[in-house]
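Structure at a glance
Read off the chains here:
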Amino acid sequence: MPADGTADRRIDTSSSSPLPAPTNGFRTVPTNSLYRLRLNPNNSHRPDSYEDLNQIEFTPLLYSSLERYLPPNMLNVHREIKLRYMSEILRRYTSEGERNRIQKHREYRQRIVSNYQPLYRDLYQLNATTFFVPSFLKAFMASDNTREASIRSIMSEPAPGIYTFNMLQPRFCEMLLAEVDNFEKWIQETKFRVMRPNTMNKYGAVLDDFGMETMLEKLMDEFIRHISKIFFADVGGYALDSHHGFVVEYAFNRDIELGFHVDDSEVTLNVCLGKHFSGGELYFRGVRCDKHMNTESHPEEIFEYSHVPGHAVIHRGRHRHGARATTTGQRINLLLWCRSSVFRELKKHQKEFTSWCGECQRVKRERLQQELFGSQGEAAS
């Protein structure tokens, strides 16, 4: 499912020229540097934070995530030097047209934020104690040595690669629903032309566009990344660095169902906010790479999930799925598409995806069986 990619990165085209040379004796980028990254991250390295910097080209979280992939001689130089080095790399993957498009989207967001008056300002800063149910929050408060086991203890895996858990407090769900309603009223009153979440949903709102980007980025960084490192490391869950956050609405006078698709994400978080409804089940049909997107599903890959307000389901973005018709009432869901720029770059150089694509795994098993039977036949003769 393609999304509007402008939610990914923040770029200021007015400051696209190289940063001034550092002073105070800081080392500079090596003159023979080819601006390359390591293939494997240095997981023991503690990256700098870039949150306090203004007018940087990409999101602070992207720089922090990318830093672990710097060459050894770049890990301990001054932050400004690392920033320049990583910016040079990131610019390679952003065309002038892409930069202009993202800049226009930033201006679009700024027009909304400058004119829209939030109903609940508390929603725009992550407040874990009021957002999350106690069991979810307690799992993440465990020590470093026990956090993984603690997180696993709150997760259910009703089908391979699909995890569910209780996440959001009812009051938070009510407030977010009211905030979205307030935003929709503002749209109607001002006749502001907004972008909807993606090409498949005609209704719903992009939360990042009216001020919730920072809150959702922290949600991904402080909570979803921990989950993804445990369960989705094979698709970049260890290095999530950007997101697309939105709500979708299903009702008789809205979107009713959602066709079979995959998400433009490495990891997708889907949380039901309410309201009262019947139907709307998610149906899953196995994880696939691009090559095997249209292959048949196997019995063990077929699963249906019924939404419960406040409860979350999390899965790989490449896990094929759809939503059945919402037959009565209104169903509204919060979705967070989490992405990894590092994984996407590494994926360009791979030919097989046996670690996560169900069909690649099947093909590999068949090939190994043929080789085994062939070798046995030769031995018998």
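So, how was this worked out
- Residues numbered from 1 in each chain as written.
- Predicted model: local features only at pLDDT ≥ 70, side-chain atom pairs only at ≥ 80, totals over all residues.
- Heavy atoms only, no water.
- Salt bridge = Lys/Arg side-chain N within 4 Å of Asp/Glu carboxyl O.
- Helix = DSSP H or I, 4+ residues; strand = E, 2+ residues; numbered from the N terminus.
- Buried < 20%, exposed > 50% of the residue type's maximum accessible area, 1.4 Å probe, protein only.
- Pairing = 2+ DSSP bridges.
- Contact = heavy atoms within 4.5 Å.
- Axes fitted to C-alpha atoms, helices over the stretch in contact; angles between N-to-C directions.
- pLDDT = per-residue confidence, 0-100.
- Parallel < 35°, antiparallel > 145°, perpendicular 65-115°, else oblique.
- Nonpolar A, V, L, I, M, F, W, Y, C, P; charged D, E, K, R; others polar.
- Phe/Tyr/Trp six-rings, centres within 6.5 Å; stacked < 30°, edge-to-face > 60°.
- Lys NZ or Arg CZ within 6 Å of the ring centre and 35° of its normal.
- 1 Å grid on protein atoms, 1.4 Å probe; cavity = no way out; pocket = protein on both sides within 12 Å on 5 of 7 lines; lining within 4 Å.
- Points joined across faces, edges and corners; volume = space filled by probe spheres on them.

**Thoughts on the pattern of salt bridges**
Enumeration over the complete set of coordinates arrives at 24 salt bridges. Two residues, D48 and K82, come together in a salt bridge whose shortest N-O distance is 2.7 Å. Placement of D48 in the segment before α1 (60–67) and of K82 in helix α2 (residues 79–92) is noted, with a sequence separation of 34 residues between them. Assessed through its relative accessible area of 29%, D48 is described here as partly exposed. According to the relative accessible area criterion, K82 is buried, its value standing at 3%. The shortest N-O distance in the salt bridge between R288 and E359 comes to 4.0 Å. One end of the pair, R288, is in the loop between β8 (282–287) and β9 (302–305); the other, E359, is in helix α10 (residues 358–380), and 71 residues separate them in sequence. Side by side, R288 and E359 carry an identical accessibility label, which is buried.

**What to know about the pairing of strand β13 (residues 331–339)**
For β13, the tally of buried residues reaches nine of nine residues, placing the bulk of the element in the interior. Going residue by residue along β13, you find R331, N333, L335, W337 and R339 tucked away on one face and I332, L334, L336 and C338 tucked away on the opposite face as well. Bridging between strand β4 (residues 242–250) and β13 involves nine bridges; their strand directions are antiparallel. Bridge pairing in β13 links Y250 to R331. Strand direction decides the pairing type here: strand β6 (residues 267–274) and β13, joined by seven bridges, are antiparallel. Among the inter-strand pairings, N270 is bridged to a residue of β13, identified as L335.

**Side note on the sheet that holds β13**
One open sheet holds the seven strands; their spatial order is β1-β2-β10-β6-β13-β4-β3, and the pairing between them is antiparallel. Pairing within the sheet leaves two strands with one partner each, and these edge strands are β1 (156–159) and β3 (205–206). Along the sheet, helix α7 (residues 170–190) makes contact with β3, β4, β6 and β13, crossing β6 at roughly 90 degrees.

**Notes on the confidence of the model for the protein chain**
Residues shown with low pLDDT carry predicted positions that ought not to be read at fine detail. Mean pLDDT over the protein chain stands at 86; residues scoring 70 or higher make up 89%. pLDDT under 50 marks residues 1–33. Its contacts with residues more than four places away, or in other chains, come to 92 contacts.

**So, the packing of α1 against α2**
Between α1 and α2, the shortest axis-to-axis distance is 11 Å and the interhelical angle comes to 100 degrees. Between α1 and α2, the interaxial angle falls into the category roughly perpendicular. Contacts between α1 and α2 pair L62, Y63, L66 and E67 from the former with K82, L83, M86, S87 and L90 from the latter. Among the residues forming the contact of α1 with α2, the class breakdown is six nonpolar, one polar and two charged.

**Topic: the packing of aromatic side chains**
This structure, assessed with the given rule, holds 23 aromatic pairs. Measuring from ring centre to ring centre gives 4.1 Å for F183 and F210, while their planes differ by 15 degrees; the resulting arrangement is stacked. Of this pair, F183 sits in helix α7 while F210 sits in the loop between β3 and α8 (213–231); the two residues are 27 residues apart in sequence, bridging distant segments of the chain. Each member of the aromatic cluster is reached from another via a ring pair, and the members are F131, F132, F136, F140, F165, F172 and F223. Here the basic side chain of R324 rests over the ring of Y283, its NZ or CZ set 4.5 Å away from the ring centre.

**Looking at empty space enclosed by the protein**
Where empty space is left in the structure can be found by rolling a water-sized probe over the atoms. For the structure on display, the rule yields four cavities of 30 Å³ or more. Here the largest cavity defines a volume of roughly 130 Å³. As for the largest cavity, its lining consists of 19 residues, of which Y250, L258, H261, N270 and L335 are closest to the centre. Only β4, β5 (258–261), β6, β11 (319–323) and β13 provide two or more residues apiece to the lining of the largest cavity. Here the lining of the largest cavity is built from residues that sort into nine nonpolar, eight polar and two charged. If you add up the space inside the second largest cavity, you get close to 70 Å³. Lining the second largest cavity we find L126, F131, F132, M167, L168, F172, L176, L207, M215, L216, L219 and L334. Residue assignment for the lining of the second largest cavity shows that the elements contributing at least two residues are α7 and α8. At three residues, α8 tops the list of elements feeding residues into the lining of the second largest cavity.

**A few points about the sheet that holds β9**
Strand order in the open sheet formed by four strands is β5-β11-β8-β9, and the pairing between neighbours is antiparallel. Unpaired on one side and paired on the other, β5 and β9 mark the two borders of the sheet. The mean angle between the axes of side-by-side strands here comes to 20 degrees, regardless of whether they run parallel or antiparallel. Examined bridge by bridge, β8 and β9 share four bridges and lie antiparallel to one another. From the neighbouring strand, L282 faces β9, where its bridge partner is Y305.

**With respect to unusual backbone geometry**
Look at the link from G274 to K275: it is a cis peptide, with omega at 5 degrees. Structurally, the position occupied by K275 is in the loop between β6 and β7 (277–279). Located in the positive-phi region is K191, a residue other than glycine, with phi close to 55 degrees. Among the secondary structure elements, K191 is positioned in the loop between α7 and β3.

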